[in-house]
Amino acid sequence: MSIRITFLGTSTAVPTAERNHSAILLNYKEENILIDCGEGTQRQFRKAKINPNKLTRVLITHWHGDHVLGLPGLFQTLALNNYNKTLYIYGPRGTKKFVKELFRVFVPMKKIKTEVKEVSGKFLKTRDFEISSLSLSHGGTPCNGYLFEEKDRLRIDKNKLKKLKLNREEQIKLSELTQGKDIKINNKIIKAKDFTYKQKGSKISFIFDTGICKNAEKLAENSDLAIIDSTFDEKGEELAIDYGHLTIVQAAKIAKKSKVKKLILTHISQRYDNNSSELEKQAKKYFKDSTVAKDFMTIEV
Ligand SMILES: [Zn+2]
Ligand SMILES: [Zn+2]
């Protein structure tokens with residue numbers, strides 16, 4: 001089962017005709033997790049033909065407008081659409097107060113069920129995956145980076161099983177092997193450890209907005225996919241320091257140092273709107289598998 005990432009918005013504070021404000025959707029099995037919800041995200045959902053009622057969780061990186069101004073509208077729509085699950089909302093310090101205010105002002109009549117948590121470290125463990133957060137360095141604003149880690153899984157080694165020549169009925173029992181349990185067929189014990197192999201779970205890191213910091217590297221470490229802040233081009237180092245962001249080169253260097261497999265650069269300033277390919281070239285000098293994000297780009301991990 002793959003993890004599907006959809007880029008709903010890839011701009012910085014000012015949107016352009018091509019780029020909407022920050023929002024990324026992660027789909028995995030029944031889970032639809034929205035990472036940030038900039039202004040206009042609802043319309044991006046419509047264009048991407050994704051029903052927002054399918055959302056299960058929202059991860060907020062920080063409370064700058066370009067990452068959260070879409071929340072009140074999204075909450076209103078979910079309330080109007082009779083969203084009937086509990087929406088889990090996670091964010092940095094201050095998130096409980098801000099979410100409560102948004103509901104008080106914008107969704108006073110019809111509520112939806114929510115559970116809001118201010119998180120740091122590992123905060124969610126399910127049967128299939130875990131999510132943790134580390135704080136980033138963004139000019140004093142509390143800001144969380146996130147790491148989604150799929151759990152390792154046992155897979156059946158079909159080549160080895162072929163030799164046992166099992167009939168259909170016997171094959172149905174095999175799923176227990178993937179839970180590490182030995183099974184018995186025709187008085188013969190089939191050991192899980194002999195007929196399965198471990199498939200490594202995927203790691204996806206979300207690192208924005210931030211300047212250079214140790215936690216950015218920690219989150220990125222060995223990620224199959226790292227999505228990193230890239231507000232400025234290679235000449236923008238001073239601006240990046242002033243505003244608590246990264247240049248495209250700094251992001252690429254983090255990916256290389258942290259042994260990332262694939263890097264996607266997002267949070268692209270309007271000044272580079274017509275120049276994505278030049279930005280990508282700058283990143284590739286330091287990290288080969290670099291791609292500059294576009295709105296509605298999807299990737300499967
Ligand atoms: Zn931002
Ligand atoms: Zn910001």
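All of these numbers come straight from a predicted model, not from anything done at the bench. (Residues numbered from 1 in each chain as written. Chains lettered and ligands numbered in written order. Predicted model: local features only at pLDDT ≥ 70, side-chain atom pairs only at ≥ 80, totals over all residues. Heavy atoms only, no water.)

Asker: Please clarify how the coordination of the zinc ion (ligand 2) should be interpreted in this entry.
Answerer: Each angle at a metal carrying four tetrahedral donors should ideally be 109.5 degrees, and each at a metal carrying six octahedral donors should ideally be 90 or 180 degrees. Around the zinc ion (ligand 2), the protein supplies His62 (NE2), His64 (ND1), His138 (NE2) and Asp209 (OD) as donor atoms, at distances of 2.2 to 2.4 Å. Sequence spacing of the donor residues for the zinc ion (ligand 2), all on one chain, is H-x1-H-x73-H-x70-D. The two metals, the zinc ion (ligand 2) and the zinc ion (ligand 1), are separated by 3.4 Å and share aspartate 209 as a common coordinating residue. With histidine 62 in the loop between strand S4 (57-59) and helix H2 (65-68) and histidine 138 in the loop between strand S8 (129-135) and strand S9 (144-150), this pair connects stretches of sequence that are 76 residues apart. (Donors = N, O, S within 2.8 Å, 3.2 Å for Na, K, Ca; no water. Helix = DSSP H or I, 4+ residues; strand = E, 2+ residues; numbered from the N terminus.)

Asker: Please clarify how the pairing of strand S3 (residues 31-35) should be interpreted in this entry.
Answerer: The two faces of a sheet get side chains in turn, since along a regular strand they alternate between them. Counting buried residues in S3 gives five out of five residues, a clear majority hidden from the surface. Side-chain alternation along S3 places Glu31, Ile33 and Ile35 on one buried face and Asn32 and Leu34 on a second face that is also buried. Here five bridges tie strand S2 (residues 23-28) to S3, and the two strands are oriented antiparallel to one another. From the neighbouring strand, leucine 25 faces S3, where its bridge partner is leucine 34. Here S2 folds back onto S3 in antiparallel fashion, the turn holding two residues, of which lysine 29 has a positive phi close to 50°. Of the pairings in the sheet, the one linking S3 to S4 comprises three bridges and is parallel in character. The residue of S4 that forms the bridge with leucine 34 is valine 58. Remark: the S3/helix H1 (residues 41-47)/S4 crossover connection has right-handed handedness. (Buried < 20%, exposed > 50% of the residue type's maximum accessible area, 1.4 Å probe, protein only. Pairing = 2+ DSSP bridges. Right-handed = clockwise from strand over helix to strand, strands pointing away.)

Asker: I'm lost on the environment of lysine 96 in this one. Help?
Answerer: Position of lysine 96 relative to the elements: it lies in helix H4 (residues 95-106). Accessibility expressed as a relative area gives 48% for lysine 96, which makes it partly exposed. Along the primary structure lysine 96 and glutamate 115 are separated by 19 residues, whereas in three dimensions their C-alpha atoms are 9.3 Å apart. Once residues within four sequence positions are removed from consideration, lysine 96 is found in contact with Val116 and Glu118. (Contact = heavy atoms within 4.5 Å.)

Asker: Would you explain the coordination of the zinc ion (ligand 1) in this entry?
Answerer: Protein coordination at the zinc ion (ligand 1) comes from Asp66 (OD), His67 (NE2), Asp209 (OD) and His267 (NE2), with a distance range of 2.1 to 2.2 Å. Of note is the zinc ion (ligand 1), whose four donor atoms meet at the metal with angles of 88 to 167° in an arrangement that counts as irregular. Counting residues between consecutive donors of the zinc ion (ligand 1) along the chain gives the motif D-H-x141-D-x57-H. (Tetrahedral: all angles 85-135°; square planar, octahedral: opposite > 155°, others 65-115°.)

Asker: How should the side chain of arginine 19 be read in this particular structure?
Answerer: Considering the arrangement of structural elements, one finds arginine 19 in the loop between strand S1 (4-9) and S2. Judged by its relative accessible area of 5%, arginine 19 falls in the buried class. Every residue in contact with arginine 19, bar those within four places of it in the chain, is listed here: Thr10, Ser11, Ile268, Asp273, Ser276, Val292, Ala293, Lys294 and Asp295.

Asker: Sorry if this is basic, but what is going on with the sheet that holds S8 here?
Answerer: Pairing is mixed in the open sheet, where seven strands are placed in the order S7-S8-S9-S14-S15-S16-S17. In the strand order of this sheet, the two ends are held by strand S7 (121-125) and strand S17 (290-292), each with one partner. Pairwise comparison of adjacent strand axes, ignoring direction, gives a mean angle of 20° for this sheet. Of the strand pairs in this sheet, strand S15 (residues 225-229) and strand S16 (residues 262-266) are connected by five bridges, and their pairing is parallel. (Axes fitted to C-alpha atoms, helices over the stretch in contact; angles between N-to-C directions.)

Asker: I keep staring at the pattern of salt bridges and nothing clicks. Help me out?
Answerer: Close approach of charged atoms lets side chains of opposite charge pair. This structure, assessed with the given rule, holds 18 salt bridges. Here arginine 153 ties to glutamate 150 by a salt bridge, and the two come within 3.7 Å at their closest N and O atoms. Overall, the relative accessible area of 26% leaves arginine 153 in the partly exposed class. Overall, glutamate 150 belongs to the buried group, its relative accessible area being 8%. Here lysine 214 makes a salt bridge to glutamate 217, at a shortest N to O gap of 3.2 Å. One end of the pair, lysine 214, and the other, glutamate 217, are both in helix H8 (residues 214-220), three residues apart, so they sit about a helical turn from each other. Salt bridges sharing common partners tie together Lys214, Glu217 and Lys257. (Salt bridge = Lys/Arg side-chain N within 4 Å of Asp/Glu carboxyl O.)

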